Amino acid sequence: MHRPLVVDRVHLTGLTPLGEQKSEPEAHSVNHGLTEIYRAVVQSKIPAISKHRRALIISVFDGIGALRVALNRLQVPVHLYGSVELDKAGRRCMRRWWPGLFECTDVEKFDDGVWKQIKDRCVGVIDTVLIGGGSPCQDLSVLNTGRKHLKGDRSKLFWHFPRLVKEAKIYFPDVEINFLLENVMSMTPTSRRMISAALSSRPWLLDGRWFTHCRRPRLFWTSWPLQPHECFHIIAHEDYDELVVRVQKFDHSVWVKEGWQWPADNAELPSNFDTSGA
């Protein structure tokens, strides 16, 4: 059976997507596997983690665990996976697929006591720490006409992310600490620069349109520099870098059901049915 190269965004489930702490059903990405060329791109971006190193992973706003799936596909040896997720359905999904994970239900309650529990299970065992997540975007997205940006009740939870990165360096001073944060491109330039300043990182823009038939522009902040690769080239903007990726997208006939028609070969679904980059 022919399988899509990278992602298929048309499946619907009732689970909570990565980076959101709520219970409404939404559309989700379904990854059918990485092509060899895309695997090379992803692995080139994570020089600090290889299959020979044991990692502690703290996934903040974990949702249904996309980060855990990615690490598994990249064959990263995870010693302990800490899942921070408020939604009950997301936590139930994670426990079902990844038994033995470390759970914290609320990022606001991730305190010294939680760190001490994690350290007891990891000290002297791990070689690297990765803190990843997609902080809530509801108050940042252009889809919210009354958005309050990083002061909003949901999106202000972002500020716990740099806090956890700093605390990880305190509890694991002899271990390399890395981070990966994702959020929407449609936030204001002011919010983007505030996040960049808090993380001391210049973000890069990657759009799902390079891999599938859906526009999904997202910003990524990482602790490691983006490594050059033949699969993409970089366009430098004032305060972020844009990746233009060269991979062969899977044909839309793979997932368009019989009786339905795709409007054109180069057609793309909008991000959340909005053309402004939400």
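Please read these numbers as outputs of a predicted model, since none were measured by experiment.

1. Structural notes on the nonpolar core
- Ile118 and Phe172 are the most contacted members of the largest nonpolar core, which has 41 residues in total.
- Among the elements that line this core, the one with the most residues is helix α5 (residues 160-171), at 5 residues.
- Contact partners of phenylalanine 172, with chain neighbours within four places excluded, come to Leu56, Trp115, Ile118, Lys119, Cys122, Val123, Ile126, Val129 and Ile177.
- Leu71, Val76, Tyr81 and Trp98 belong to the second largest nonpolar core, which has 12 residues in total.

2. Things to note about the sheet that holds strand β13 (residues 241-245)
- One open sheet holds the 9 strands; their spatial order is β7-β6-β5-β8-β9-β11-β10-β13-β12, and the pairing between them is mixed. Unpaired on one side and paired on the other, β7 (102-104) and β12 (232-236) mark the two borders of the sheet. Averaged over all pairs of adjacent strands, the angle between their axes in this sheet comes to 20 degrees, without regard to strand direction.
- Here strand β10 (residues 204-207) pairs with strand β11 (residues 217-222) via 4 bridges, running antiparallel. The residue bridging tryptophan 204 from the neighbouring strand is phenylalanine 220, located in β11.
- Relative to the sheet, α5 contacts β5 (55-60), β8 (128-134) and β9 (176-184), its axis offset from that of β9 by approximately 175 degrees.

3. Points about the confidence of the model for the protein chain
- In this model, the protein chain carries an average pLDDT of 82, and 78% of its residues clear a pLDDT of 70 or more.
- Within the model, pLDDT remains below 50 along residues 1-38, and this stretch shows 92 contacts once partners closer than five positions in the same chain are excluded.

4. Brief notes about helix α6 (residues 189-199)
- Turning to α6, its buried residues are Ser191, Arg192, Ile195, Ser196 and Leu199. Looking straight down α6, one finds that the buried residues subtend no more than 135 degrees of arc, so they occupy a single side. Among the exposed residues of α6, those oriented more than 90 degrees off its buried face are Thr190 and Ala197.
- Buried residues along α6 sit in contact with α5, β9 and β11.
- Taken from the residues just after α6, serine 200 is the one with a positive phi, measuring 50 degrees.

5. Some details on the packing of aromatic side chains
- Taken as a whole, this structure holds 5 aromatic pairs when the rule is applied.
- Between the aromatic rings of phenylalanine 110 and tryptophan 115, the centroid separation amounts to 5.1 Å while the plane-to-plane angle is 65 degrees, which identifies the pairing as edge-to-face.
- Assessed through its relative accessible area of 2%, phenylalanine 110 is described here as buried.
- Seen from their ring centres, tryptophan 115 and tyrosine 171 are 5.7 Å apart, and the 15 degrees between their planes marks the pair as stacked. Residue tryptophan 115 is found in helix α4 (residues 112-122), and its partner tyrosine 171 is found in helix α5; the two are separated by 56 residues along the sequence. By the burial criterion, tryptophan 115 is buried, and tyrosine 171 matches it.
- Across from the ring centre of tryptophan 210, 4.6 Å away, lies the NZ or CZ of arginine 209, which sits over that ring.

Conventions used here
- Residues numbered from 1 in each chain as written.
- Predicted model: local features only at pLDDT ≥ 70, side-chain atom pairs only at ≥ 80, totals over all residues.
- Heavy atoms only, no water.
- Core = buried A, V, L, I, M, F, W, Y, C linked by side-chain atoms within 4.5 Å.
- Buried < 20%, exposed > 50% of the residue type's maximum accessible area, 1.4 Å probe, protein only.
- Helix = DSSP H or I, 4+ residues; strand = E, 2+ residues; numbered from the N terminus.
- Contact = heavy atoms within 4.5 Å.
- Pairing = 2+ DSSP bridges.
- Axes fitted to C-alpha atoms, helices over the stretch in contact; angles between N-to-C directions.
- pLDDT = per-residue confidence, 0-100.
- Arc of directions from axis to C-beta.
- Phe/Tyr/Trp six-rings, centres within 6.5 Å; stacked < 30°, edge-to-face > 60°.
- Lys NZ or Arg CZ within 6 Å of the ring centre and 35° of its normal.

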